[in-house]
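Letter by letter, the chains look like this.
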Amino acid sequence: MSAPPVAAFTGFVLAGGSSRRMGRDKALLEVNGTPLVLHACAALETAGASTVSVVGGDAAALGALGLVTVRDEHPGEGPLGAIVTALGTGVGEDVAVVLSCDLVDPSPANIAALAARIGPGVDVVVASLGGRPQWLHAAWSSGALGALDRSFAAGERSIGRATGALVVEVVDVPEPDRLRDADTPADLSSILRERGDRR
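Presented here is a report on the structure given in the accompanying data block. (Residues numbered from 1 in each chain as written. Predicted model: local features only at pLDDT ≥ 70, side-chain atom pairs only at ≥ 80, totals over all residues. Heavy atoms only, no water.)

## What about the pairing of strand β8 (residues 132-141)?
Here is step 1: Both strand β6 (residues 95-100) and β8 contribute to a ladder of five bridges, which runs antiparallel. Counterpart to V97 in the pairing with β8 is A139.
Here is step 2: With six bridges joining them, strand β7 (residues 124-129) and β8 adopt antiparallel strand pairing. Among the inter-strand pairings, V124 is bridged to a residue of β8, identified as W140.
Here is step 3: The antiparallel pairing of β7 with β8 creates a hairpin that spans two residues between the two strands, and G130 there sits at a positive phi of about 60°. (Pairing = 2+ DSSP bridges. Helix = DSSP H or I, 4+ residues; strand = E, 2+ residues; numbered from the N terminus.)

Rendered as structure tokens:
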């Protein structure tokens, strides 16, 4: 049986977090000589994103890496605000795949699998890791924006709760080990040690 076709999609990487637990800007933290944000952007491009933009973060530093940046309309308000910003750009396709910038080894196969599941009646397709939805590794229909924006405006900051009125599919992806992100130096060291990579 052939794989389902991948929907046309726009890619976004969220880079506006404070990185308090990491102690430095995670987007610019290098793994194998390449900033993490570039790993995420490259995975989206390889998976077939029509365009890739970075939401929030150090616009000057990201621009120096050759990346297209989008100003976060809700700085300091967490990732839900950045997702609302991404979906509200009106750039690209009716589907957007949104990743966090701290994925150590994001998988194009995982991204393509999420984008392929978006269709009529499905608002969000989110990757599962250990049975838990990974909200910063998900495909979003443009139609999800209204509900997310209303929830955000009402004071909600939890992505999971903000999707309560949406049709959400939580799915297993082909390479679940590549969903792991690095919130702290210990996280990063553990992932790199397991993968045999280097800083």
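That was the structure; now back to the text.
## Focus: the pattern of salt bridges
Here is step 1: The full count for this structure, using the stated rule, is seven salt bridges.
Here is step 2: Put simply, D105, E175 and R178 are held in one network by salt bridges that share partners. (Salt bridge = Lys/Arg side-chain N within 4 Å of Asp/Glu carboxyl O.)

## Describing the environment of V13
Here is step 1: Topologically, V13 is positioned in strand β1 (residues 10-14).
Here is step 2: In this structure the C-alpha to C-alpha distance between V13 and L44, which are 31 residues apart in sequence, comes to 8.9 Å.
Here is step 3: If we skip the residues at most four places from it in the chain, V13 touches V37, A40, C41, L44, S53, V54, V55, L99, S100 and C101. (Contact = heavy atoms within 4.5 Å.)

## Regarding the packing of helix α1 (residues 36-47) against helix α4 (residues 108-117)
Here is step 1: It is at 8 Å that the axes of α1 and α4 come closest, and there the two elements cross at 55°. One element, α1, and the other, α4, form an angle in the oblique class. Taken as a pair, α1 and α4 cross one another with a handedness that is right-handed. Every residue of α4 that contacts α1 at A43, L44, T46 and A47 is listed here: P108, I111 and A112. (Axes fitted to C-alpha atoms, helices over the stretch in contact; angles between N-to-C directions. Parallel < 35°, antiparallel > 145°, perpendicular 65-115°, else oblique. Left-handed = near helix turned anticlockwise from the far one by under 90°.)

## Some words on the pairing of β6
Here is step 1: Of all six residues making up β6, six are buried, and the element is well covered by its neighbours.
Here is step 2: Neither face of β6 is left uncovered, since the one carrying V95, V97 and L99 and the one carrying A96, V98 and S100 both have all their residues buried.
Here is step 3: Pairing of β1 with β6 involves five bridges; the strand directions are parallel. From the neighbouring strand, F12 faces β6, where its bridge partner is V98. (Buried < 20%, exposed > 50% of the residue type's maximum accessible area, 1.4 Å probe, protein only.)

## A look at the sheet that holds strand β9 (residues 168-171)
Here is step 1: Strand order in the open sheet made by the seven strands is β5-β4-β1-β6-β8-β7-β9, with mixed pairing throughout. Looking at which strands have only one partner, the edges of the open sheet turn out to be β5 (69-70) and β9.
Here is step 2: Along the sheet, α4 makes contact with β6, β7, β8 and β9, crossing β8 at roughly 55°.

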